[in-house]
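For reference, the chains in residue letters:
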Amino acid sequence: TGNLINLLSTYSKRLDYTGIDIVEEQIRIAKKQHSKFRFVNSDLLKYNFRRKFDLVNATGLIQHSANYKDIIKKMINLSSKYVIFDIKISKLDKNFINIKDSYIKVGSNKIPYIIFSQNMFNEELKKNKNINKIYFYGYPTHINKNAKIPVEINKVISVGYLIEKSDFKKRLTISGKIVSKNKT
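Residues numbered from 1 in each chain as written. Predicted model: local features only at pLDDT ≥ 70, side-chain atom pairs only at ≥ 80, totals over all residues. Heavy atoms only, no water.

With that settled, the discussion passes to the layout of surface pockets. Here the largest pocket is characterised by a volume of approximately 1600 Å³. As for the largest pocket, its lining consists of 46 residues, and the residues nearest its centre are Leu4, Tyr17, Thr18, Asn57 and Ala58. Elements represented by at least two residues in the lining of the largest pocket include exactly α1 (4-11), β1 (18-21), α2 (24-33), β3 (53-58), α3 (68-78) and β4 (79-89). Counting residues per element, the lining of the largest pocket draws most heavily on β3, which supplies six residues. Residue classes in the lining of the largest pocket are distributed as 25 nonpolar, 13 polar and eight charged. (1 Å grid on protein atoms, 1.4 Å probe; cavity = no way out; pocket = protein on both sides within 12 Å on 5 of 7 lines; lining within 4 Å. Points joined across faces, edges and corners; volume = space filled by probe spheres on them. Helix = DSSP H or I, 4+ residues; strand = E, 2+ residues; numbered from the N terminus. Nonpolar A, V, L, I, M, F, W, Y, C, P; charged D, E, K, R; others polar.)

Okay, the sheet that holds strand β5 (residues 103-106) next. Spatial ordering of the open sheet is given by β6-β5-β8, a layout of three strands whose pairing is antiparallel. Only two strands of the sheet have a single neighbouring strand rather than two, namely β6 (109-112) and β8 (147-148). Pairing analysis gives two bridges linking β5 to β8, with the strands arranged antiparallel. Across the sheet, isoleucine 104 pairs through a bridge with alanine 147, a residue of β8. (Pairing = 2+ DSSP bridges.)

With that out of the way, let us pick up unusual backbone geometry. We note that asparagine 130 has phi near 65 degrees; this positive angle belongs to a residue other than glycine. Here asparagine 130 lies in the loop between α4 (118-126) and β7 (131-141). Note on asparagine 130: relative accessible area 40%, which makes it partly exposed. (Buried < 20%, exposed > 50% of the residue type's maximum accessible area, 1.4 Å probe, protein only.)

Take the sheet that holds β4 next. Pairing is mixed across the open sheet formed by five strands, whose spatial order is β3-β4-β9-β7-β10. The open sheet has two edge strands, β3 and β10 (173-178), and neither has a second partner. Put simply, the sheet's adjacent strands are angled 15 degrees from each other on average, direction ignored. Here β7 runs beside strand β9 (residues 156-165); their pairing, made up of 10 bridges, is antiparallel. Across the sheet, the residue bridging to threonine 141 is valine 156, located in β9. Across the sheet, α4 lies against β4, β7, β9 and β10, angled at about 15 degrees from β9, the strand it touches most. (Axes fitted to C-alpha atoms, helices over the stretch in contact; angles between N-to-C directions. Contact = heavy atoms within 4.5 Å.)

Here you go:
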């Protein structure tokens, strides 16, 4: 709905913003609230952007997309500087991607609810080109009341990622922390 515009506007008065969402209603709301910016009703993976952006952000998308690797790769390719997104993790040996056992119910639809192994996810991120640094910050989160996840997963952590890009070949660094309590 374009809510990130409010934050970014405090940083820059010359903000050039393009938002994309597959849900038409979200685009309608965004256009109404932020009429001077551009919003596109389309699938991120199918849309042909004609330029790069300083910052590419996707909140609440990666953990609901079985094709998350393609989404992250496209975000990195669209960015000239930074990529921000969030995921859900738990203490797992591998990523848990199984819509029969882990999903969120929205009306009569089941949307995937992927719970990642952070170690495996970080290894997957490292395979992308032109990344200089990866930062993360995680905290315990409540499980959405409409979510169904396996009973053996009793703790879920929300993790925000910030990727810093570089056109130069440098040694990739990953740093961050997971806190034990949500500091609200």
